[in-house]
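Structural description and commentary
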Amino acid sequence: MDAFFASLAEGFDLPILDWIRANLTNPFLDTVMPHLTRWGDAGFIWIVLAVFLLCFRKTRKTGLTLGLALIIGLLVCNLTLKPLIARIRPYDYQQLYAGKMIPLLMDKPSDFSFPSGHTITAFEGAAVVMLSSRKWGIPTLCFALMIAFSRLYLYFHYPTDVLASMVLGTGIAFLAAWLVKKGEIWCNSRRR
């Protein structure tokens, strides 16, 4: 493992994950967190939301923005950054470098740890909805935060993966909104 990521894991990430494991785990959350994280699997809930929003004239621009954000996120994060950085998952790190087996509540993900795809898509969705409507944006942001926390609770991601993914997802949402606005301006100028 890269020395930078090993140092980050030892000095910051793993103590936080171990604190969560030691102080917050309980039977209720052990049941809830796997279900919550499944809502973010493959960005499914956000894809459904984008398609739903595209169906109505009033929300079509928001649906287009969300769809574009999801596509950009997939290309940049899942298809580029994950294989390029190739950060191993925290449970694998613990086994390889500390000889600790971390009991998991779900099957192990098959890809790398950085960035967190669940968190990126959740924050793309939350930021796009927030740009369109604070009324719906705040509950969506709360949902995104719960998905992000579920990734820590399940020991699937390091805190730095999740924090960076929050920033990336929000940034991608703003980029998508900017691109849609530029596209709208371009289309309107072509009609004249």
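Residues numbered from 1 in each chain as written. Predicted model: local features only at pLDDT ≥ 70, side-chain atom pairs only at ≥ 80, totals over all residues. Heavy atoms only, no water.

Focus on the packing of aromatic side chains
The test is simple: Note on aromatic contacts: the rings of Phe and Tyr and the six-membered ring of Trp form a pair at centre separations within 6.5 Å, being stacked when their planes are under 30 degrees apart, edge-to-face when over 60 apart, and tilted otherwise. By definition, any uninterrupted DSSP run of H or I lasting at least four residues is a helix, any uninterrupted run of E lasting at least two residues is a strand, and each is numbered from the N terminus. For the exposure calls, accessible area comes from a 1.4 Å probe over protein chains only, and a residue counts as buried if that area is under 20% of its type's maximum, exposed if over 50%, partly exposed in between.
Under the defined criterion, the tally for this structure stands at five aromatic pairs. Note on tyrosine 91 and phenylalanine 156: the rings are 6.1 Å apart at their centroids and 70° apart in plane angle, and the pair reads as edge-to-face. Residue tyrosine 91 is found in helix H5 (residues 90-98), and its partner phenylalanine 156 is found in the loop between helix H7 (134-153) and helix H8 (159-191); the two are separated by 65 residues along the sequence. As far as the burial class goes, tyrosine 91 and phenylalanine 156 line up, both buried. On the basis of an interplanar angle of 35° and a centroid distance of 4.6 Å, the ring pair of tyrosine 93 and tyrosine 97 is categorised as tilted. Taken together, the residues tyrosine 93 and tyrosine 97, both in helix H5 and four residues apart, mark about one turn of the helix. According to the relative accessible area criterion, tyrosine 93 is buried, its value standing at 3%.

Concerning helix H6 (residues 117-132)
Put simply, the rule reads: Expected helix span is given by 1.5 Å per residue-to-residue step, counting one fewer step than there are residues.
Here H6 is 16 residues long and its end C-alpha atoms lie 23 Å apart, about the 22 Å a rise of 1.5 Å per residue gives. Summarising burial for H6: 13 of the 16 residues are buried, a large majority.

As for the side chain of threonine 140
Basically, it comes down to this: Contacts between residues were defined by any pair of non-hydrogen atoms, one from each residue, lying within 4.5 Å.
Here threonine 140 lies in helix H7. Setting aside its immediate chain neighbours within four residues, threonine 140 contacts Trp46, Gly125, Ala126 and Val129.

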